[in-house]
Amino acid sequence: MIVVNVDVMLARRKMSSGELAQKVGISAANLSILKTGKAKGVKFSTLSALCEALECQPGDILEFKPDE
């Protein structure tokens, strides 16, 4: 299972979801879907924009956890 750690990075950067959505150029609703792990996928361009806005690496946002 892939875990999305956007909330963790938002807390570390002291940034709101609305601010991140605006910087990345996606809607708050789409960011929410991504944050809750309900997204079926993420475009590399979106991942790149998230990394730029949060000043992090893709591995800081996405994490693999084996199914138990």
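Structure shown above.
Residues numbered from 1 in each chain as written. Predicted model: local features only at pLDDT ≥ 70, side-chain atom pairs only at ≥ 80, totals over all residues. Heavy atoms only, no water.

What follows is about helix α2 (residues 17-24). Turning to α2, its buried residues number three or more, namely Leu20, Ala21 and Val24. All buried residues of α2 lie within an arc of 100° about the axis, which places them on one face of the element. For α2, the exposed residues set more than 90 degrees away from the buried face come down to Gln22 and Lys23. Against α1 (6-13), α3 (28-35) and α4 (44-54) lie the buried residues of α2. At the exit of α2 stands Gly25, carrying a positive phi of roughly 85°. (Buried < 20%, exposed > 50% of the residue type's maximum accessible area, 1.4 Å probe, protein only. Helix = DSSP H or I, 4+ residues; strand = E, 2+ residues; numbered from the N terminus. Arc of directions from axis to C-beta. Contact = heavy atoms within 4.5 Å.)

We now examine the pattern of salt bridges. Per the counting criterion, the structure on display carries two salt bridges. Notably, a salt bridge pairs Lys35 with Asp7, separated by 3.2 Å at the nearest N-O pair. With a gap of 28 residues between them, Lys35 in helix α3 and Asp7 in helix α1 connect regions that are remote in the sequence. The class of Lys35 is partly exposed, set by a relative accessible area of 21%. Its relative accessible area of 45% is what places Asp7 among the partly exposed residues. Lys23 is paired through a salt bridge with Glu19; the nearest N and O atoms lie 3.7 Å apart. In this pair, Lys23 and Glu19 are both assigned in helix α2, four residues apart and thus about one turn of the helix distant. (Salt bridge = Lys/Arg side-chain N within 4 Å of Asp/Glu carboxyl O.)

Those residues of α1 lying buried are Val6, Met9 and Leu10. Taken around the axis of α1, the buried residues stretch over an arc of 105°, which confines them to a single face. Of the residues in α1, the exposed ones pointing more than 90 degrees away from the buried face are Ala11 and Arg12. Looking at the buried positions of α1, the neighbouring elements they touch are β1 (2-4), α2, α3, α4 and α5 (58-61).

Next up on the list: the nonpolar core. A general feature of soluble globular proteins is that nonpolar side chains tend to end up buried together. With 17 residues, the main nonpolar core has Val6, Leu20, Leu50, Leu54 and Ile61 as its most contacted residues. Looking at which element gives the most residues to this core, the answer is α4, with five residues. Discounting residues that sit within four places of it in the chain, Val6 has contacts with Leu20, Leu31, Lys35 and Ile61. (Core = buried A, V, L, I, M, F, W, Y, C linked by side-chain atoms within 4.5 Å.)

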